[in-house]
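# Summary of the model geometry
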Amino acid sequence: MSQENPTRLELIGITKAYPGCVANDAVSLKVAAGEIHALLGENGAGKSTLMKMIYGVVKPDAGQVLWNNKEIAIEGPAQARALGMGMVFQHFSLFDTLTVTENIALYLSPAEYGSVSALRQRIVEVGEEYGLAINPDREVHTLSVGEQQRVEIIRCLLQDIQLLILDEPTAVLTPAEVAQLIDMLKQLARKGCSILFISHKLHEVNALCDRATILRGGKVTGSCIPSETSAGELAKLMLGDELVLDHDLPPGNAGATRLTLCDIEVRPTSQFAIHLHNINLELKAGEILGLAGVAGNGQDELVDLINGELKPDRGTLTLDDVALADCSIVARRRRGLGTVPADRVGRGSVASMSLTENQLLTGYVNHGVRHSLVNWAAVRQRAADIIGDYGVKATGPASMAGSLSGGNLQKFIIGREIEQQPKVLICFHPTWGVDVGAANHIHKELVALRDRGTAVLVISEDLDELYLLGDRLGALCGGRLSPVRPKAEVPLEQLGEWMAGAFGNAQEEVAHAH
Amino acid sequence: MRIEKRLQPSQTMVYLSPILALVLTVFAGGLLFAALGHPPLESLAIFFIEPLRDTYGWSELAVKVTPLLLCATGLTLCFKAKIWNIGAEGQFVFAALIGGAVSLQLTEVQGFWVLPVILLSGALAGMAWAGIAALLLTHFNTNEILTTIMLNYIAVNLLLWGVHGPLKDPAGFNFPESALFAEHTLLPLLSFDYRVTVALFIALFMVVVIWVLLARSLLGFQLRVLGENRNAARFAGFNSRAIIWFLLLFSGAMAGLAAISETNGPVGQLIPTLSLGYGYAAIIVVFMGRMHPLGIVLASMLLGLTYLGGEMAQIDLGLPKSITGLFQGMLLFFLLGCDLLIHYRLVLKERAFGVATT
Amino acid sequence: MDLALLENILFATVRTGTPLLLVALGAMISERSGVLNLGQEGMILVGAACAFIAAYSADSLMLGVVIGALAGALVSLIFAFVALTLISNQVATGLALTIFGTGLSAFLGAEYVGQSIEGMTRVELPLLHKIPLIGPALFGQDLMVYLGLTLFALVFWTMRSTRLGLIIRAVGENPQVAHALGYKVLLVRYAAVLFGGAMAGLAGAYLSLSYTPMWAEGISAGRGWIALALVVFASWRTERILMGAWLFGFASILHLLLQGFGYDVPSNLLAMLPYAVTIVVLVFMMSRKGAKGLFAPRSLGQPYHPPQ
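Treat the numbers as computed from the prediction; the structure is a model and nothing was measured. (Residues numbered from 1 in each chain as written. Chains lettered and ligands numbered in written order. Predicted model: local features only at pLDDT ≥ 70, side-chain atom pairs only at ≥ 80, totals over all residues.)

### Overview of the interface of chain B and chain C
- Contact residues are listed per partner, giving 38 residues for chain B and 40 residues for chain C.
- Those elements giving two or more residues to the side of chain B that touches chain C turn out to be helix 5 (114-140), helix 6 (144-164), helix 11 (278-288) and helix 13 (323-338) of chain B.
- Of the residues in the side of chain B that touches chain C, the class split is 23 nonpolar, 13 polar and two charged. (Contact = placed C-beta atoms within 7 Å. Helix = DSSP H or I, 4+ residues; strand = E, 2+ residues; numbered from the N terminus. Nonpolar A, V, L, I, M, F, W, Y, C, P; charged D, E, K, R; others polar.)

### Focus on the sheet that holds strand 6 (residues 85-88) of chain A
All names here are of chain A.
- Strand order in this open sheet of six strands is 6-7-8-3-9-10, and the pairing throughout is mixed. The open sheet is flanked by strand 6 and strand 10 (219-224), the only strands paired with a single partner. Geometrically, the sheet is characterised by an average inter-axis angle of 20 degrees between neighbouring strands, direction not taken into account.
- Across four bridges, strand 3 (residues 36-40) lies against strand 9 (residues 211-216) in parallel orientation. (Pairing = 2+ DSSP bridges. Axes fitted to C-alpha atoms, helices over the stretch in contact; angles between N-to-C directions.)

### Focus on the interface of chain A and chain C
- Chain A puts 18 residues into the contact, and the matching count from chain C is 13 residues.
- For the side of chain A that touches chain C, the element with the highest residue contribution is helix 3 (residues 100-107) of chain A, accounting for four residues.
- Residue classes in the side of chain A that touches chain C are distributed as eleven nonpolar, five polar and two charged.

### A few points about the sheet that holds strand 1 (residues 7-18) of chain A
All names here are of chain A.
- Overall, antiparallel pairing links the four strands, which are arranged 2-1-4-5 in an open sheet. In the strand order of this sheet, the two ends are held by strand 2 (21-32) and strand 5 (70-72), each with one partner. Each neighbouring strand pair of the sheet contributes to a mean axis angle of 25 degrees, computed without reference to strand direction.

### With respect to the confidence of the model for chain C
- Of all residues in chain C, 97% have pLDDT values of 70 or greater, and the mean over the chain is 90.
- Here the prediction assigns the complex a pTM of 0.89, and the interface score ipTM is 0.91. (pLDDT = per-residue confidence, 0-100.)

### Quick word on helix 11 of chain B
Residue and element names in this part refer to chain B.
- Of all eleven residues in helix 11, eleven are buried; the element is thus mostly enclosed.
- Those residues of helix 11 not exposed but buried are Tyr278, Gly279, Tyr280, Ala281, Ala282, Ile283, Ile284, Val285, Val286, Phe287 and Met288.
- Positive backbone phi, approximately 60 degrees, marks Arg290, located one or two places after helix 11. (Buried ≥ 20, exposed ≤ 12 C-beta atoms within 10 Å, placed from the backbone.)

### Focus: the pairing of strand 11 (residues 257-266) of chain A
Residues and elements named next belong to chain A.
- Note: strand 11 against strand 12 (residues 276-284), six bridges, orientation antiparallel. Looking across to strand 12, one finds that Thr260 is bridged to Glu282.
- In the sheet, strand 11 pairs with strand 14 (residues 314-319) via five bridges, with the strands oriented antiparallel. From the neighbouring strand, Thr260 faces strand 14, where its bridge partner is Thr318.

### Quick look at unusual backbone geometry
- For His429 of chain A, which is not a glycine, the phi torsion comes out positive at approximately 50 degrees.
- Its place among the elements puts His429 of chain A in the loop between strand 19 (424-428) and helix 16 (436-451).
- For His429 of chain A, a count of 22 C-beta atoms within 10 Å gives the class buried.
- Residue Asn174 of chain B is not a glycine yet carries a positive backbone phi of 65 degrees.
- Position of Asn174 of chain B among the secondary structure elements: in the loop between helix 6 and helix 7 (199-216).
- Asn174 of chain B gets classed as exposed once you count the C-beta atoms within 10 Å, which come to 9.

Here is the structure:
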């Protein structure tokens, strides 16, 4: 149907360069009225930059933007909105401590909403019309991630919208929520609104989109109709000559129990924290246990708990039959517990320090320090070894951690932890925002570590990754842990239900029986 | 004109920025003198060059450098860890009060241990005063900037109470001053012609100590991580509390030694206006000195010079002595402004990027 | 305790709390927009010195008040330029402003030390000032006290019910998002800092024209810092700032009371009270459960530079 409709948006030769990299190089694409158009590409392909230019957040260095066949220069988001564009950002553009209504009021101009009470009423109405119910008086930080996305979408729908841009909208949703979102978008498109949908997930694009434009390294590598194009071709356009994600890795061989969490409860320490309830988990030597879950369902708390940054209010942790309750973070590391945190820049490394210093950051526990003096030569050598052994692209151990790409920094951090020969490794988002080559490399290293007898816990939002690596799978929802079963017994539908919290009260019953 | 983020912070600008700030301060100072009706070049010469005409001038600079440098060694470590101890002034004043009281007690007592005891009392008093802030920060999470500042005001009032009350010189015609300290409680002079004492060597020794600590020790590494990224320090299992305690106690001890270097050095008694704001000026020393041991030596000389220059301007130009504070404030403003160039570059007009895709 | 004494205590409490109220309101707005300006003390001093010089030279208290506010705003502009446009560390820049302001005010005011002027007179509001207990305290003061209360009401209304208040909160909560929505983050922050500077300047004018009608070096005596603590105490909420200002005002006159009751405590030790109370209050605030930075604007003190 898109062929017959008039063109809504056309980009011709859009170029944007940042110091040291060209984010978009002569990108052209066309979106028709009522069309659902996918923008496909790997992390770092330039999708987000392109969207921000369409929406006026960033100005292009060169190129033309045509809106309903008229050339325009978009000076800012306000003008983009006035033209009839709306955007749902990947990292939500909401103010956590303000209410839903206040957030939406800030997005609109007073002329658009009249009074606050009228706005509140319209939020409720639009929510009902599109099946996006939301309480307009709640503060945003009290909402789930899916609900926050609703707020973002509702505020776009309050205006006369002609183009809705969504930046990786499904990354934060459970499979059921994704289905709901897709229905809503189709309903919107039927009313004539164009939709630009950014993703790197092929199956969603297939299910939803009329056309797709594929970006790689800032350039358009192809344009196609997804339903008429094979997944292999799409993947090749997206990834180029790079390897596609491996699809089979050898299974593990579970041995004795290494790490045990028994009846753990952690009460929230701040208004933004999640309450962990009755966590029971056994991690065995030589296996990878994969935990799924939408962000903000207790993953951070679980990792902090095991690492020792958070103390349980109830329950016990044991590592090789030694209780960890009174062990400091350092003592846990000495006993063989390694952690790769989710936030590699914010916690796993110090951006302004060299790789040598970043090696010492956790390496100091086992290596390089005598009589509280640092043997910098030894530490530097060790950092250089990690750079060599793990294929980290850096000029040398003196490079600043912050100057490395995400994938290379992640390889360095994982190398740093693996080189300490942990008995248990907690790996949170091992390949988040990492290119495919680096992800493959990291996956192989984790499997090799497992085969040397280490118990590995992988926590991820990427279900493909969990099915690839995990020997057993489970999910976290609302601070509760689903049952954990061997991969073969957990079909995707089952995992999706667990992510949505539908796993009965199996664990609670155990707890009540005590 | 616009600014553009650099890919890597510029090391050149790290060292160039203080020089640029000094040039701008001199320039602005010249404008100030001109506006006040004084010939700018000659006035600047009086402020910046005249004090160092002779050996005595240089020795006086060393007298000013001693307390500034001692305070700055402690603050360097604190600020590296982003522990904003603004309380060197209060730690200095409290240590002066206690050290002064001890000195007066020891007026009649002779012995090789007298001076070490006085130095120790000053250092311990400084540590105690800083320890209050450490306790409040580690146990009650109370902002150290506000507590240390409040402790400064409290310390000054304690000193005033001391010199108006129990420590007042009975033979002093009711002036709010203590008696002069006995000869043997004073720090030995390096030469009888000048007022420089052995405290200068203590200060230089402490510079070496923090140099080794920062460059070689695990503690030095840990406190730098604490300053750069608290979450990473926590993740790595560093004992932040212990580090904070160490930092505040150490800088308190340094401020305490600085106080003794003044009271039992050139001043020789307790007076109400004992500190000429050394604790605050030392903050500027640390920033100007780039938190580097060698840098703070140079910067303490510059800040010391602003005190001498202020005195000169008062004598030769008839300007208020507070011109010192004006120059110090300008110096810090210009420095912080110039530091922009460490992380950003100025771009005069739009240019195309000729950079390859990454 | 008789009524007259109580009335006097309340009167002095409100009077002493006024400069704290003015500074804290300004500091709160600036912090709500995300800017931590530790230069309050310097701005008060410059405001006080300039207000006194203007009032003394032109023999006009009103001119003094206006000049005081302008001077405070002007020096805060230096801070704003360095901290916001040149993206410097706000803590260090605020300290620079305090050091600079202390030096500048002493420099400007050197010739005026020891001079005196006729301070502001009380303006009793008809009938109202006769209300027992609170009448003199709220309706028998000088114009600056009324100005302080009026500005309080204005700030309260702005933060609670206006779009401007919502925008200030949004900018302080998350400048990246505010920018993405098309708000001019730096403009809002500049305005907030300048407002804070003017308020501190007004407080300075109050000190040198009304509270103790004279100029002396360091006349603010740490009020800028106490006001910063007061903002923490008030959890960045306007209504609590008024209560806090009066509480701290009361703490500052405690020594008069103690002396009035015949306790013989050296005045230098009593002068420590407001600072000690400030520390105690901070400890109390922060040690309450879950209070850790709960109410502070999220981006407080963090530099922000809009992307090109």
